Amino acid sequence: MSKMLLSVLAGVATLTLSMTANASGETYELDPAHTYPYFSINHLGFSTLRGRFNTTSGVITMDKAKNTGTVEIEIDVSSIDTAHAKRDEHLRGPDFFNAAEFPKMTYKSTKVAIKGDNSAKVEGNLTIMGVTKPVTLNVDNISCGVHPFNKKEVCGFNATATIKRSDFGIKYGLPAIGDEVTMYIEAEGFKK
Amino acid sequence: MDSLLNHPAVQSGIVPFVVALAVTAILGKTKPALMGLAAAAAFVATVALVTGFSLVPLSSTKKIILVAYFAAILGMVIDLADEKLTHYRRYLHGLFAFLGVAAVLWIIWPVISRQSTQNSLIMAIGLSAYVAWMVFAASVLQQKKAQISAVVFATAMGTAVVSIVGATALYGQLASPFAAAAGAWLLYYLLAPQKAVFSTSFFLMASVTCASLGAAATIYANLPWLTLGLLALIPAVVHIPIKQDSTIWLQVLKSYVAALIPMIAAIWYTVQQSSSSAYYG
């Protein structure tokens, strides 16, 4: 009788643990070789300047049963790249990102709502230069599958958001250099 | 009007000059001992136009602005207590230098705290020595009006130009108002030499702030170290003997020519070191 009871208890415990693991979602580590945050900003009213950050890391979880998850992204500010060395040096300096003092930019989600059409709305906090502001990412093109070469499970998505750089204390050149910055994040992550 | 006030030359040159001239003229007639507040007024006017008064986030730039405010207040207190401090004057030079060192270490701490011990020490000692020297050397010249104004003008103008050329326009804009204020003071001095006083608040605020901007520019914006070395020659060269009983114009001419030589050398060197590719922001 006691052996039967112990077996039942063990089975319930195992089932509970496996349900808990599935309920917290699947974890994907961002692939730095296929994850790039881009940005665009108006330059003196003449054109749109685009740039990107070359070094990004992060973790995403997806709970497909509950259509929710989490997003944590960390960007190396000094990896900024606008295809012009002098401008990149300026952007890393005190006039803009002050990368030496604030080497990282982070985004952490507070709420993720995955919709049925492979899109999602991610609410979270973006921190630039020590200032944290709420920013919503509009995510689309969520696509998951098996990588054809390494056979790992992979998920990818595109995300956009618009911020005002002055909200984060980056005020140099206003209003000639635009205040509104559009961010694009194209990301892929491998399942851990 | 908005586009005019957004122009860097207006923000950091014309507006602070006009403000400083007005404050100098008013205090020259009412309280000459506080004429240094012209520098404070000029700086505050530029801060209002360039960065705003918010101290969030407390970045290195905002720390420098706070240091400037503190130096102005300390200088004003010393100016008001002038006669009572006669016996302690010689100690004030060292005190100012020490405060300058404390300020620059606070400003650059976020970077040096992440370096190896050896690199941290080199940065801390080198930049502390620069700031201490600039503040001390200006302080001992306070009673020689032509020379101290030349030191302040050349240090501020030199820091402004090398920052803009080689490192960071923002730091350059924060140094410029001191050059503008020194120019305004010089104009008043040439017209009313007996009334003009180069207050402690003026040189203390200017020397600490400009030295801190130069030091921070090497850390946060890759300004060449040798540029600071050349700027450090300004107060050294201006210590040349100048007869205080010679005409005001001659004292000013000798002082400013002496000060501008290392300033121009610093600017020239920084231009040579900056990238050859054209970039206008």
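Before reading on, note that the structure itself is shown above.
For the structure given in this document, a descriptive report is provided here. (Residues numbered from 1 in each chain as written. Chains lettered and ligands numbered in written order. Predicted model: local features only at pLDDT ≥ 70, side-chain atom pairs only at ≥ 80, totals over all residues.)

**Considering the pairing of strand E2 (residues 36-43) of chain A**
Residue and element names in this part refer to chain A. Pairing of E2 with strand E11 (residues 177-191), which is carried by 7 bridges, proceeds in the antiparallel orientation. By the bridge assignment for E11, Tyr-36 is matched with Glu-186. Hairpin connection from E2 to strand E3 (residues 47-53): 3 residues lie between these consecutive antiparallel strands, with Leu-44 at a positive phi of about 60°. (Pairing = 2+ DSSP bridges. Helix = DSSP H or I, 4+ residues; strand = E, 2+ residues; numbered from the N terminus.)

**Digging into the interface of chain A and chain B**
With 20 residues of chain A at the interface, the matching set in chain B holds 22 residues. Considering each element in turn, the side of chain A that touches chain B owes the most residues, 4 residues, to helix H2 (residues 85-92) of chain A. Looking at side-chain class alone, the side of chain A that touches chain B contains 8 nonpolar, 6 polar and 6 charged residues. (Contact = placed C-beta atoms within 7 Å. Nonpolar A, V, L, I, M, F, W, Y, C, P; charged D, E, K, R; others polar.)

**Looking at the packing of helix H2 (residues 8-30) of chain B against helix H8 (residues 169-191) of chain B**
Packed helix pairs are characterised by how far apart their axes lie and by the angle those axes make with each other. Residues and elements named next belong to chain B. Between H2 and H8, the least distance of the axes is 8 Å, while the angle of their chain directions is 40°. Between H2 and H8 lies a crossing whose hand is right-handed. Every residue of H8 that contacts H2 at Pro-8, Gln-11, Ser-12, Gly-13, Pro-16, Phe-17, Ala-20, Leu-21, Thr-24, Ala-25 and Gly-28 is listed here: Gln-173, Ser-176, Pro-177, Ala-180, Ala-181, Gly-183, Ala-184, Trp-185, Leu-187 and Tyr-188. (Axes fitted to C-alpha atoms, helices over the stretch in contact; angles between N-to-C directions. Left-handed = near helix turned anticlockwise from the far one by under 90°.)

**A look at unusual backbone geometry**
Cis geometry is adopted by the peptide bond preceding Pro175(A), which originates at Leu174(A) and carries an omega value of -5°. Note on placement: Pro175(A) falls in the loop between strand E10 (153-164) and E11. The backbone of Ala83(A) sits at a positive phi, close to 65°, despite the residue not being glycine. A positive phi angle is found at Asn222(B), which is not glycine, with a value near 60°. Following the sequence through the fold, Asn222(B) ends up in the loop between helix H9 (200-220) and helix H10 (225-231).

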